[in-house]
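These are the residues of each chain, in order.
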Amino acid sequence: MDDIGAFLVAYQTTIGTIGINALLALSVWLTLYTGQLTLGNAAFAGIAAYSSALLTLKAGLPFPLALAAGAMLAAAVSVPLGATVFRLRGVYLAIATLAFGEVVRVAILAIPITGRGQGLVGIPPKTELWHVFASLVVIAYVCARLRSSSVGRAWAAIREDEVAAASQGIPVRRYQLVAFVLGALIAGWAGGLAAHFDYAIQPDEFGFARAVQILVFAVVGGIPNVFGPILGALLFTALPAILQPLQEYRDIFQGAILVLVIVFLPRGLVTVFELRRTARLRTMGAEDVA
Amino acid sequence: MLLEASGLTKRFGGVVALSSVDLSVAEGQVFGLIGPNGAGKTTLINVISGHFRADAGAIRFAGADVTALRPDQLARRGIARTFQSIRLFKGLTVLENVLVGGFVRGSPPARARALLEQFGLGGRADAFAGELAYGDQRRLEIARALAAEPRLLILDEPAAGMNPTESAALRDLLRTLAAEGITIVLIEHDVRLVMGASERVAVLSFGRKIAEGTPAEIQADPVVREAYLGTADA
């Protein structure tokens, strides 16, 4: 027991970050599963991180309430955004959501109460490891249940063929929007946890690089089920620590792993035991993520 | 009348794909829609099923004005369709395709399996839809449409790519469906299938309805012959 306790203390930051990253990866998984490429989740996390931190720091709100409020705010912002950008498809949708992320970052820099470029410091460190992992278990379970429900089947149908999905009675836009807003809610929850885990937050933590990183977690881990994004977040968060002995060659190895996975496991790490299924899907030219 | 379209007009840029087309389909009827390539048949059903918005005209379904409704709203009201270029959910299994078909009715998996058995696809339930042979894909698309328990089933060239045996089986299937009370609009190039299965046939040419009647009347119509012979020359 003492060994485990010592391990947790020594690696607390890494372990907590794995959980938070897994939540963020799940948040983008929802839209990826419906076949939409969106890059707004880092910004949703940022909105919630700043608003929840300000609520505990300046307004003295209890931590759980601040967390919930931050996540709700992110979700509330995602509704009009989603209603607007889901007219777009593919890379255009990705770019539109990326632009939204930049707007959020610049807005944070412009508003005095956020601490601007210096960041917001002195946030009460309320997030415990168990908060992160209890959230992860609950949210992953909900996502898994959604996936195997009729809602999940409708999402998969939309991903495969929007026109056919509509002709089967699926309100395509509404279902895409639901996935997007749920994703924003989860990203917001993760952002609030992150803010109270780190003592301080900075606008750059929620910018372009972060958005791409979250996407990499989900895609490299795999979209077919909810374990993919979690696995991807685990691997790419833990790797820098594991590869520490390699020092300056660390990034090369990390990049090499990324390339190898994309080439040999196009449907993600989680499909490592489904190679035959992947081959069948590729033969008929179906979407790689199915 | 279950389906009543009046004055449907659809333009694509300068091309008039549909020019003031009227169509009335009675409940329980099998209604054939034929015409040379590019006559506007598929455009007409894309308008009826909500995928295109008509520039002019109105559509009534089961007594209600449905002109402005989206495809998913029309599906909920009981219009199901298949596509000329098969649009299955290729990466989902055969069973999952039919389960999605039952989305609007919330039908249980048992009903989906029964449909697959009826269509001779029971043994392929766990295959990916994209792995099926062409004729099987056409049949699966019909099964998926039927899973929505439609009042009106629109089939866009269901026999395309089928051999004569499969085509004959399809004709039997259409009769069975009609006997169950499902109204069918059938677009088809296979004239034998259309004439054999339909009670009424309309002929489109260059976006206009040039004739409508029983199969016998259509076959005897000189205007129809001219439209077809004209394209045969070209």
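Quick notes on the rules
- Residues numbered from 1 in each chain as written.
- Chains lettered and ligands numbered in written order.
- Predicted model: local features only at pLDDT ≥ 70, side-chain atom pairs only at ≥ 80, totals over all residues.
- Helix = DSSP H or I, 4+ residues; strand = E, 2+ residues; numbered from the N terminus.
- Rg over C-alpha atoms; globule rule 2.2 N^0.38 Å.
- Buried ≥ 20, exposed ≤ 12 C-beta atoms within 10 Å, placed from the backbone.
- Contact = placed C-beta atoms within 7 Å.
- Core = buried A, V, L, I, M, F, W, Y, C linked by C-beta atoms within 7 Å.
- Pairing = 2+ DSSP bridges.
- Axes fitted to C-alpha atoms, helices over the stretch in contact; angles between N-to-C directions.
- Left-handed = near helix turned anticlockwise from the far one by under 90°.
- Nonpolar A, V, L, I, M, F, W, Y, C, P; charged D, E, K, R; others polar.
- pLDDT = per-residue confidence, 0-100.
- Arc of directions from axis to C-beta.
- Expected span 1.5 Å × (residues − 1).
- Bend = angle between axes of the 7 residues up to and from the residue.

### Notes on the overall build of chain B
Helix and strand content of chain B: nine helices and 10 strands. Computed over the C-alpha atoms, the radius of gyration of chain B is 17 Å, within 12% of the 17 Å expected from 2.2 N^0.38 for a compact globule of 234 residues. Referenced to the eigenvectors of the C-alpha coordinate spread, the extents of chain B come out at roughly 50 × 40 × 35 Å. Evaluated residue by residue, chain B yields a buried proportion of 47% over its 234 residues.

### Regarding the overall build of chain A
Scanning chain A for helices and strands turns up 13 helices and zero strands. The helix and strand sequence of chain A, counted from the amino end, reads α-α-α-α-α-α-α-α-α-α-α-α-α. Reported as C-alpha extents along the three principal axes, the dimensions of chain A are approximately 55 × 45 × 35 Å. Counting the 290 residues in chain A, one finds 49% classified as buried.

### Looking at the interface of chain B and chain A
Of the residues lining the interface, 25 residues belong to chain B; the matching set on chain A comes to 22 residues. Secondary structure elements with two or more residues in the side of chain B that touches chain A: helix 2 (71–77) and helix 3 (94–101) of chain B.

### A few points about unusual backbone geometry
Positive phi outside glycine occurs at Tyr 199 of chain A, with the angle close to 70°. One non-glycine residue, Phe 206 of chain B, lies in the positive phi region at around 50°. Here Phe 206 of chain B is to be found in the loop between strand 9 (200–205) and strand 10 (208–213). Assessed through the 16 C-beta atoms surrounding it within 10 Å, Phe 206 of chain B is described here as partly exposed.

### Regarding the nonpolar core
In this structure, Ala 25, Leu 26 and Ala 74 of chain A together with Leu 186 of chain B are the most contacted members of the largest nonpolar core, which totals 162 residues. The element that contributes the greatest number of residues to this core is helix 9 (residues 172–198) of chain A, accounting for 14 residues. Not counting residues within four places of it along the chain, the set of residues in contact with Leu 186 of chain B comprises Val 30, Phe 31, Gly 32, Leu 33, Leu 155, Leu 174, Val 194, Ala 197 and Ser 198 of chain B.

### Quick look at the sheet that holds strand 7 (residues 152–156) of chain B
Residues and elements named next belong to chain B. If you walk across this open sheet you meet the six strands as 6-7-8-3-9-10, and the pairing is mixed. Lying at the two open borders of the sheet, with one neighbouring strand each, are strand 6 (79–81) and strand 10. Across this sheet, the average inter-strand angle for adjacent strands is 20°, counted without regard to direction. Relative to strand 10, strand 9 runs antiparallel, the two being bridged by five bridges. Bridge pairing in strand 10 places Ala 202 opposite Glu 212.

### Focus on the environment of Leu 81 of chain A
Residue and element names in this part refer to chain A. The residue Leu 81 is located in helix 4 (residues 63–85) in this model. C-beta crowding within 10 Å serves as the criterion here: with 22 such atoms nearby, Leu 81 is assigned to the buried category. On a C-alpha basis, the gap between Leu 81 and Ser 149 in space is 26 Å, while along the polypeptide they are 68 residues apart. Setting aside chain neighbours within four positions, we find Leu 81 in contact with Gly 40 and Phe 100.

### Notes on the sheet that holds strand 1 (residues 3–12) of chain B
All names here are of chain B. The strand order across the open sheet formed by four strands is 2-1-4-5, and the pairing between neighbours is antiparallel. Among the strands making up the open sheet, the edge pair consists of strand 2 (15–25) and strand 5 (64–65). In this structure, strand 1 lies alongside strand 4 (residues 56–61), joined through five bridges in antiparallel fashion. When the bridges of strand 4 are listed, Glu 4 appears paired with Arg 60.

### Brief notes about the packing of helix 3 of chain B against helix 5 (residues 134–147) of chain B
Residue and element names in this part refer to chain B. Two elements in contact, helix 3 and helix 5, have axes separated by 6 Å at closest approach and are oriented at 35°. Judged by the sense of rotation from one axis to the other, the crossing of helix 3 with helix 5 is right-handed. In this structure, helix 3 uses Val 94, Asn 97, Val 98 and Gly 101 to contact helix 5, whose residues at the interface are Leu 140, Ala 143, Arg 144, Ala 145 and Ala 147. Its residues placed into classes, the contact of helix 3 with helix 5 shows six nonpolar, two polar and one charged.

### Side note on the confidence of the model for chain B
Scored by pLDDT, chain B has a mean of 91; 97% of the residues are at 70 or more. Interface confidence in the predicted complex, given as ipTM, is 0.91; pTM for the same model is 0.92.

### A word on the environment of Gly 40 of chain A
All names here are of chain A. With respect to the helices and strands, the residue Gly 40 is situated in the loop between helix 2 (12–33) and helix 3 (41–57). Take Gly 40: there are 32 C-beta atoms within 10 Å of it, and that puts it in the buried class. Put simply, Gly 40 and Ala 256 are 216 residues apart on the chain and 27 Å apart in space, counted from C-alpha to C-alpha. Once residues within four sequence positions are removed from consideration, Gly 40 is found in contact with Leu 81, Thr 97, Phe 100 and Gly 101.

### Some remarks on helix 4 (residues 109–118) of chain B
Residue and element names in this part refer to chain B. Within the sequence span of helix 4, burial applies to Ala 112, Leu 115 and Leu 116. Angular distribution of buried residues about the axis of helix 4 spans 100°; they occupy a single face of the element. Close packing links the buried residues of helix 4 with helix 3 and helix 5. Positive phi shows up at Gly 120, right after helix 4, with a value of about 70°.

### As for helix 4 of chain A
If you check helix 4 of chain A, its first and last C-alpha atoms are 33 Å apart, about what 23 residues at 1.5 Å a residue would give, namely 33 Å. The largest bend in helix 4 of chain A amounts to roughly 30° and is located at Val 79 of chain A, with the proline Pro 80 of chain A lying one to four residues further along.

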